Amino acid sequence: MKILLLIALLISSVFTYAQFSDSTNYHIVASSAGSINKTNNERAYLLNNNINFGLKKKSIVFNSTSSWLYGKQNNALSNNDFSTTMNFNLYKTFPNFYYWGLINYNTSYSLKLKNQLLAGAGIAYSFIDTTNAYINLSNGVLFDQSSLVELADYNTFRN
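Residues numbered from 1 in each chain as written. Predicted model: local features only at pLDDT ≥ 70, side-chain atom pairs only at ≥ 80, totals over all residues. Heavy atoms only, no water.

### Examining the overall build of the chain
Looking only at helices and strands, the chain has one helix and eight strands in total. The secondary structure elements of the chain, listed N-terminal to C-terminal, are α-β-β-β-β-β-β-β-β. Taking all 159 residues of the chain together, the buried fraction comes to 16%. Summed over its atoms, the accessible surface of the chain is roughly 11,800 Å², and 61% of this surface lies on carbon and sulfur atoms. (Helix = DSSP H or I, 4+ residues; strand = E, 2+ residues; numbered from the N terminus. Buried < 20%, exposed > 50% of the residue type's maximum accessible area, 1.4 Å probe, protein only. Areas by Shrake-Rupley, 256 points an atom, 1.4 Å probe, with all protein chains shown as cover.)

Next up, the structure:
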């Protein structure tokens, strides 16, 4: 009985979540899930793995998340999809004014996407920043590059 209680405690501690408070500066969440299905003639499995990291301090906010989805059906690959996103806000100059940046990368076997990258940086000014309302003006440059399995590569800058 004690062993079962210990195992349940260890498993439940893997799935803990936190949110930022006044004293929390970092948070990390890792999760893994999946399914396995087997019948007389068919077999399929799908695994989903995720990790998130966040940092919040007076002068910077940083968030990142990565996920990997992998699956097979009857020994044929059905999913091998990877996605990662990072963004930050840097509050180092004037009040209500900050710099921002982001990067997003995807590759997906199931969607026939070899590579997709979106990266950018810019500046912003917050007019209203309260618990219940947020209004800001932002401008920046984004670079978009994609490579599809069946189509030619393309890239462009956006504002």
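There is more to say after this.
### Let's talk about the sheet that holds strand β3 (residues 60-73)
The pairing of strands in a sheet happens through backbone hydrogen bonds and is either parallel or antiparallel. One open sheet holds the eight strands; their spatial order is β1-β2-β3-β4-β5-β6-β7-β8, and the pairing between them is antiparallel. One side of each edge strand has no neighbouring strand; the edge strands of this open sheet are β1 (26-38) and β8 (154-158). Here the strands of the sheet are splayed against their neighbours by 10° on average, with no regard to which way each runs. Across 10 bridges, the pairing between strand β4 (residues 76-90) and strand β5 (residues 97-108) is antiparallel. Residue pairing in the sheet places F88 in a bridge with G101 of β5. (Pairing = 2+ DSSP bridges. Axes fitted to C-alpha atoms, helices over the stretch in contact; angles between N-to-C directions.)

### Focus: the packing of aromatic side chains
All told, the structure shown has 10 aromatic pairs when counted by the stated rule. Geometrically, the ring pair formed by F97 and Y99 is edge-to-face, given 5.5 Å between the ring centres and 80° between the ring planes. Members of the aromatic cluster, connected to one another through ring pairs, are Y26, F53 and F62. (Phe/Tyr/Trp six-rings, centres within 6.5 Å; stacked < 30°, edge-to-face > 60°.)

### Notes on the environment of K72
Note that K72 resides in strand β3. Its relative accessible area of 26% is what places K72 among the partly exposed residues. Along the backbone, K72 and Y45 are 27 residues apart, and their C-alpha atoms lie at a distance of 5.6 Å. Those residues in contact with K72 that sit more than four places away from it in its chain are R43, A44, Y45, L77 and S78. (Contact = heavy atoms within 4.5 Å.)

### So, the pairing of strand β6 (residues 113-129)
Where β5 lies against β6, 11 bridges are found, and the strand directions are antiparallel. What sits directly across from N106, in β6, is Q116. Counted between consecutive antiparallel strands, the loop separating β5 from β6 contains four residues, among which K112 sits at a positive phi close to 60°. The pairing of β6 with strand β7 (residues 134-148) spans 15 bridges and is antiparallel. Looking at the pairing, L113 lines up with L148 of β7. Here β6 folds back onto β7, and the loop between the two strands holds four residues.

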